[in-house]
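Observations on chain architecture
Take a look at the letters that make up each chain.
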Amino acid sequence: MSKQADNVRDGRGAGARGGAGDSEAGAPRAAGDATTVGRALREAAESLRESGVGDARRDAATLLAATVARDLAFLIAHSDDALTPAQLSLFRERVSRRAAGEPLQYVTGRQEFFGLDFEVTPAVLIPRPETELLVETALELLRETDDARGARPPLICDVGTGSGCVAVALLHERKGARAVAVDISTDALRIAARNAARHGVFDRLALVASDCFAALDAASSRFDLVASNPPYVAEGDLGGLQREVREHEPRVALTPGGDGLCVIRRLVNDAPRFLTPRGHLVMEIGFNQHEAVRRLTDPRVWTVLDIHRDLQGIPRTVALRLNG
Ligand SMILES: C[S@@+](CC[C@H](N)C(=O)[O-])C[C@H]1O[C@@H](n2cnc3c(N)ncnc32)[C@H](O)[C@@H]1O
C-alpha cells in the first residue's frame, strides 16, 4: 500500500486520471500551501501516533475516507488533491476525538458486521467480529430445523439487540424470517431501527423496549430461536477492559453487575416459556464462563448442543435446545 501511495503522491496516480485539475470530490488540485489528501494523512497519522493510537496510519486513512465519503483506494489515487476547508476542519475534529481515545467506530459512526455496514453511536456496543459466530450458529440451527417447520417461516427473538446487528444480519440472511428485537435501552433501539431500515428488514422486525422478556407476552410470542449477546462482564473485571471500551461503550451493554451472569441466568430460566417445543437458545458468553453456564442449565429442561470456540480458541457461543 505504501508503495502505491508513494506513486500517487509524486503525481503519477493523479495525473494518470487526467481531467481538468479538479478532484473527483470537487476540490481543486493542490496549489501553493493548500492541504492535500496526502499531507493531511501524514499529519494526522503523526498526531495519532504521538497520542499512542496503535495503528495510526490506518485510523488516519479511515477517518479521512469517512470525511470525504470515499474509500481508501480513492485516497491513494487522489493523494495530491486539495481538501476543502470544510473537509479539513471536519477531519481535524475527528482526528482530535480519536487522539483523545474515542473508538474509531464512534468517530466514523460505522462498523461492518456480517458483511453489512452498521451505524453505531455511543448508545450501542460496537459489534465485534466474534459475535458473527452467534449469527452463524443461529443460522445453522435454523437450517437444521427448516424441515420440521415446513412452510412456516422462523420467528426469532434477539435479546439485547444494541445496534441491531444480530437481528438484522439474521433477517438479511433469512429472507422469510421475522424477528422481535428487545433492548432495555430505548436509545439503542432507535439505532437498531435505523440499521434495520438501512438493510431492508425493518418490515420484518419488531423493536421492543424490554428488560429481557418482561414486556413480551408468552401467550402470543413463541420463538423458534432466541439469540442473545447479553452484557456478561463481571463487575469486578470492568477495570481490566481496554480503556477505550471502559470509558466509551455503554456500561449497560458491558456488565449486568455482580458476577456478570445475571442476564444469562434470566435467559436460561425464562426462555423456555417463549420458545416453541425443541426451540433453541443461542448466547454469546464471556471468557471462562462456559462451565458456569453449563451449571446453570437444568438438563431436565435443556440439552447443551454445543459450545463453539471463537478464532482465538475461547468458548464463545453456547447453543441450547429445549427438551420436549
Ligand atoms: C453486549 S451488548 C450486545 C449488543 C448487540 N446485540 C451486539 O451483539 O453487538 C448487550 C445489549 O443488551 C442490552 N441490555 C442490557 N441489559 C438488558 C436487559 N436486562 N434486558 C434487555 N436488554 C439489555 C444493552 O443495552 C445492550 O444493547
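In the block above lies the structure referred to throughout.
A brief look at the structure comes next. (Residues numbered from 1 in each chain as written. Predicted model: local features only at pLDDT ≥ 70, side-chain atom pairs only at ≥ 80, totals over all residues.)

**Observations regarding the overall build of the chain**
- Counting its secondary structure elements, the chain contains 15 helices and 9 strands.
- Taken along the three principal axes of its C-alpha coordinates, the chain extends 75 × 45 × 35 Å.
- When burial is assessed residue by residue, the chain has 42% of its 324 residues classed as buried.
- Contacts spanning at least 24 positions in sequence make up 67% of the contacts within the chain whose residues lie at least 6 apart. (Helix = DSSP H or I, 4+ residues; strand = E, 2+ residues; numbered from the N terminus. Buried ≥ 20, exposed ≤ 12 C-beta atoms within 10 Å, placed from the backbone. Contact = placed C-beta atoms within 7 Å.)

**What about the site of the ligand?**
- Near the ligand there are 25 residues, and of these Gly-160, Gly-162, Ile-184, Asn-229 and Ala-253 occur at the shortest range.
- Listed by contribution, the elements that provide at least two residues to the shell around the ligand are α10 (165-173), β4 (178-183) and α13 (251-254). (Near = placed C-beta within 6 Å.)

**So, helix α8 (residues 132-144)**
- When the terminal C-alpha atoms of α8 are compared, their 18 Å separation across 13 residues agrees well with the 18 Å that a helix rising 1.5 Å per residue should span.
- When α8 is considered as a whole, its buried residues turn out to be Leu-134, Val-135, Thr-137, Ala-138, Leu-141 and Leu-142. Looking straight down α8, one finds that the buried residues subtend no more than 165 degrees of arc, so they occupy a single side. More than 90 degrees from the buried face of α8, the exposed residues found are Arg-143 and Glu-144.
- Buried positions along α8 lie against α9 (146-149), α10, β6 (223-228), β7 (275-284), β8 (302-309) and β9 (315-322). (Expected span 1.5 Å × (residues − 1). Arc of directions from axis to C-beta.)

**As for the pairing of β6**
- Extensive coverage of β6 is indicated by the burial of 6 of its 6 residues.
- Both strand β3 (residues 155-159) and β6 contribute to a ladder of 4 bridges, which runs parallel. If you follow Val-159 over to β6, its bridge partner there is Ser-228.
- Looking at chain direction, β6 and β7 are connected through 5 bridges and run parallel. Note that in β7 the partner of Val-226 across the bridge is Leu-281. (Pairing = 2+ DSSP bridges.)

**Some remarks on unusual backbone geometry**
- A positive phi angle, near 55 degrees, is found at Ala-69, a position not held by glycine.
- Within the element layout of this structure, Ala-69 appears in the loop between α4 (56-67) and α5 (72-77).
- Even without glycine at this site, Phe-114 takes up a positive phi of about 50 degrees.
- Examined against the element boundaries, Phe-114 turns out to sit in the loop between β1 (110-113) and β2 (116-119).
- Note on Phe-114: 20 C-beta atoms within 10 Å, which makes it buried.

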